[in-house]
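# Breakdown of the fold
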Amino acid sequence: MGLFDRFKKGLGRTREKLATGLRSVLRIGQRIDEETLHKLEDVMLAADFGPTTTQKLIDVVRTGWKAGEIAEEQQVTEYLRRHVSSLWPESDRSIRFAESGPTVILVTGINGSGKTTSVAKLGYYFTQTGKRVILGACDTFRAAAVEQLSIWSQRVGVQIVKHDQGADPGAVAYDACEAAVARNADVLLIDTAGRLHTQEHLMRELGKIQKVVERKIPGAPHEVLLVLDATVGQNALNQARQFSQHVSVTGIFLAKLDGSAKGGVVVGIRDQLNVPVKFVGLGETPADIEPFDPVVFAEAMFAE
Ligand code: GDP
Ligand code: MG
């Protein structure tokens, strides 16, 4: 399946909701008026573009309409699609790789957002591109967490560095860095325990993991990816804001886009936060990962 089809399938629920909404609002042969824009606003809010971003996009359509670039309701979807796909610069999408030695990617987020699964997907993805990957099991909090990542590492065929449950995550990070250097790994992916920004001690723990990594490998962590659950819609934006106050988040892994009718949140994240979406999760298997491609994304999102 090509990228467009994968996005289209993954965005299924968002796309259907949007397509149905747009079809009912944008009628054949009708000219655009303020009423059109008003109804369009409701459709976009329902797909979780969020109030601020929706308002901006409506203004874009209004400006295009007033300037005579579009006149018919039928032209609106294409106009929106083009605008949405132009929101992301190329540089946004790439992973910042180390110039030499392992690239360290720290993965964080709240409980259940999809961190461990996303680490497995990233492991699979980088392996597919010929890189040597090691996983660091720094979620030592829950009994099943280390076990879950171990199973993934076997399925994906990558090495893992782990301690027992209850171990100091900083110590695991330390060992994982040593192993990554000693074994000439290209990428070290660090899974961490779920946490909320209000849990001061856990946020400090994350800071500590980051410090350990910084000391062990120059320039690390090269990426701090925040995993957000797309099904929570606008709330994901709040999580991103809150985490960014504690750690320097360099990118977002938007998980569960396949189960969400709220894919518009991707556009909201771009518009509202200074953090790019780098990957999306489109299912529960390791292969269900795609680097975020805005043009394909927008095409799939606004597909009939
Ligand atoms: P963590 O607590 O953040 O480590 O979250 P997990 O990786 O354990 O995932 C929590 C649940 O979300 C699991 O049931 C995963 O299978 C599921 N999940 C993770 N990513 C995706 C995704 O992209 N799509 C779907 N449909 N489910 C996902
Ligand atoms: Mg986990």
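See the structure above.
Since this is a predicted model, take the numbers as computed values, not measurements.

## Section: the sheet that holds strand β3 (residues 159–161)
Read across the sheet, 8 strands follow the order β3-β2-β4-β1-β5-β6-β7-β8 without closing on themselves; strand pairing throughout is mixed. At either margin of the open sheet sits one strand with a lone partner, and together these are β3 and β8 (289–291). The average undirected angle you get between the axes of adjacent strands in this sheet is 25°. Two strands pair when backbone bridges link them, and strand β5 (residues 223–229) and strand β6 (residues 251–255) are joined in this way by 5 bridges, in the parallel orientation. Bridge assignment links D229 to a residue of β6, and that residue is A255.

## What about the site of ligand 1?
Lining the immediate surroundings of ligand 1 are 17 residues, of which G112, K115, T117, D258 and E284 lie closest. In this structure, an oxygen atom belonging to ligand 1 sits 2.9 Å away from a side-chain N or O atom of T116. Within the side chain of E284, one N or O atom sits 2.5 Å away from an oxygen atom of ligand 1. Burial of ligand 1 by the surrounding chains reaches 80%, relative to a free accessible area of 580 Å².

Conventions we followed
- Residues numbered from 1 in each chain as written.
- Chains lettered and ligands numbered in written order.
- Predicted model: local features only at pLDDT ≥ 70, side-chain atom pairs only at ≥ 80, totals over all residues.
- Heavy atoms only, no water.
- Pairing = 2+ DSSP bridges.
- Helix = DSSP H or I, 4+ residues; strand = E, 2+ residues; numbered from the N terminus.
- Axes fitted to C-alpha atoms, helices over the stretch in contact; angles between N-to-C directions.
- Near = heavy atom within 4 Å.
- Polar contact = N/O pair within 3.5 Å; in protein donor to acceptor, adjacent residues only side chain to side chain.
- Areas by Shrake-Rupley, 256 points an atom, 1.4 Å probe, with all protein chains shown as cover.

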